[in-house]
Amino acid sequence: HDAVRIIEAKRDGRELDDDEVDWIVDGFTRGTVVAEQMSALAMAIYFRGMSDREISRWTAAMVRSGSRLDLTGLSRGGRAVPTVDKHSTGGVGDAITLVLTPLLATWDVAVPQLSGRGLGHTGGTLDKLEAIPGWRAELSGDEMRRIMSDSGAVICAAGADLAPADRALYALRDVTGTVPSIPMIAASIMSKKIAEGTGALVLDVKFGSGAFMTSRTDAEELARVMVGIGTAAGVRTSALVTAMHTPLGRAVGNAVEVAECLEILGGGGPADMVDLTCALAEVALAAVGISDDPRARLSDGRAMDSYRTMISVQGGDPDAELPRAANVEQVRAPAAGRITWDALGVGRASWLAGAGRSAPGEAVDHAAGVLLHRVEGDEVRAGEVIASVYAGDAGRIASALGELGAALDFSDPGFAPARGPAGAV
Ligand code: URA
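Residues numbered from 1 in each chain as written. Predicted model: local features only at pLDDT ≥ 70, side-chain atom pairs only at ≥ 80, totals over all residues.

Draft legend 1. Fine view of unusual backbone geometry. A positive phi angle, close to 45 degrees, is found at Ala 163, a residue other than glycine. In this fold, Ala 163 is placed in the loop between β5 (153–157) and α8 (164–174). (Helix = DSSP H or I, 4+ residues; strand = E, 2+ residues; numbered from the N terminus.)

Here's what the structure looks like:
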């Protein structure tokens, strides 16, 4: 094979055969297919798309670029348990993983939650948990297995050997305008989830301004493609398609989202987050043959106990005070009326306040972020405090406030609040 011929074939709309897919992904992993060529191919795929067969083959090749964890035979307390995991395609204020992972571990299952960090306006689970003093994201494969056997739940960073082809390709896509491609997003996410070795997977595929897919139709297509890839790879996969036009919950940032999750684990918290957590939990449990009511375990403290264990075994102190920002500025309603917040705008405000990063490897301000005191559908009075912005760096407050002000929307008082699950695949 020859990389140029393969790029030309995709450019001209031809379906790549299995050998061509294997050859190009393998060559990219080994460095014989260079970044320029892979970037050009990514742009050709962006415009031409891929068939379901090509996507499954491409995903399998990315899984094979590294090692696949073998979690079969994992046991807890001497009993074999199924593995089940969840993945969200990314949103604003979406800290569901912090609650769902320990919640699921209250049943006889193990949750191998390999997570990432935020980039741009979307948050990352690891950044949020690192707001907890002492908590450690980097674990070896052995530690991960041991922790899952002991306590059922682990949230940790994906090792360098997990789908390295995806890591390298994502970095190229990020700087070549080729991220929002359904086949490439599907293959990217699913290659990592298949490689982590989970037996079952529930996907939360988001649509709206704060998500990769802005239209519901595209999110449904992404969900269909991901479920197909997972199923073909032997992972029991299902998906919920959920709205991300306005942030989930009230908190957007790192420590502020952890604090909100503690409310949910304590039996309270925002209803939209509780509803979505429970909906995802039901689907995840169904995939491993369990039918039960997740809500009871949020209100009776079992999920909280599981969370405390999960944090402690990874070095975190669940009782430690979370970082607090030196600077807090309040936002007042400029007029009276029924409001909503645009998810992308709020995500960007939190990012400008310091909660996110603009290049991989940058440090984040764990205390920075946004707290919405009034959310979608609330009636507000003129002059009422409706949000707070937190930042360690006072110089960041003004731009965050500007972005947040622009995210406030009075325009559509007739909307039907469409948060939570919109459909299942
Ligand atoms: N998340 C990923 O891991 N990959 C993508 O391509 C998009 C979101």
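Now that the structure has been shown, we can carry on.
Draft legend 2. Structural detail: the pairing of strand β14 (residues 385–391). Judged by how many residues are buried, β14 sits mostly within the fold: five of seven residues are covered. Pairing of strand β9 (residues 327–332) with β14 involves six bridges; the strand directions are antiparallel. Bridged to Glu 329 within β14 is Val 389. By the bridge criterion, four bridges tie strand β12 (residues 369–372) to β14 in an arrangement that is antiparallel. Counterpart to Gly 369 in the pairing with β14 is Tyr 390. (Buried ≥ 20, exposed ≤ 12 C-beta atoms within 10 Å, placed from the backbone. Pairing = 2+ DSSP bridges.)

Draft legend 3. Seen up close, the environment of Ala 239. Looking at the element boundaries, Ala 239 is found in strand β7 (residues 236–243). Put simply, Ala 239 and Ala 325 are 86 residues apart on the chain and 37 Å apart in space, counted from C-alpha to C-alpha.

Draft legend 4. Representation of the domain arrangement of the protein in the model. When its domains are assigned, the protein resolves into domain 1 (3–64), domain 2 (75–313) and domain 3 (327–409). The centre of domain 2, based on its C-alpha atoms, is set 25 Å off from the matching centre of domain 3. Of all the elements in the fold, those that place two or more residues in the side of domain 2 that touches domain 3 are β8 (251–253) and α11 (255–265). (Domains from an automatic or database assignment.)

Draft legend 5. Main features of the site of the ligand. In the vicinity of the ligand, the contacting residues are Gly 90, Tyr 170, Val 179, Met 184, Ile 185, Ser 188, Ile 189 and Phe 212. Ranked by residues supplied to the shell around the ligand, first place goes to helix α9 (residues 182–195) with four residues. Residues that form the shell around the ligand fall into these classes: six nonpolar, two polar and no charged. (Near = placed C-beta within 6 Å. Nonpolar A, V, L, I, M, F, W, Y, C, P; charged D, E, K, R; others polar.)

Draft legend 6. Fine view of helix α12 (residues 271–287). With 17 residues, α12 should cover 24 Å at 1.5 Å per step; its first-to-last C-alpha distance of 24 Å lies within 8% of that length. Counting buried positions along α12 gives twelve out of 17 residues, so the element sits mostly inside the fold. Every buried residue belonging to α12 is among Asp 272, Met 273, Val 274, Leu 276, Thr 277, Cys 278, Leu 280, Ala 281, Val 283, Ala 284, Leu 285 and Ala 287, and all of these are buried. At the exit of α12 stands Gly 289, carrying a positive phi of roughly 80 degrees. (Expected span 1.5 Å × (residues − 1).)

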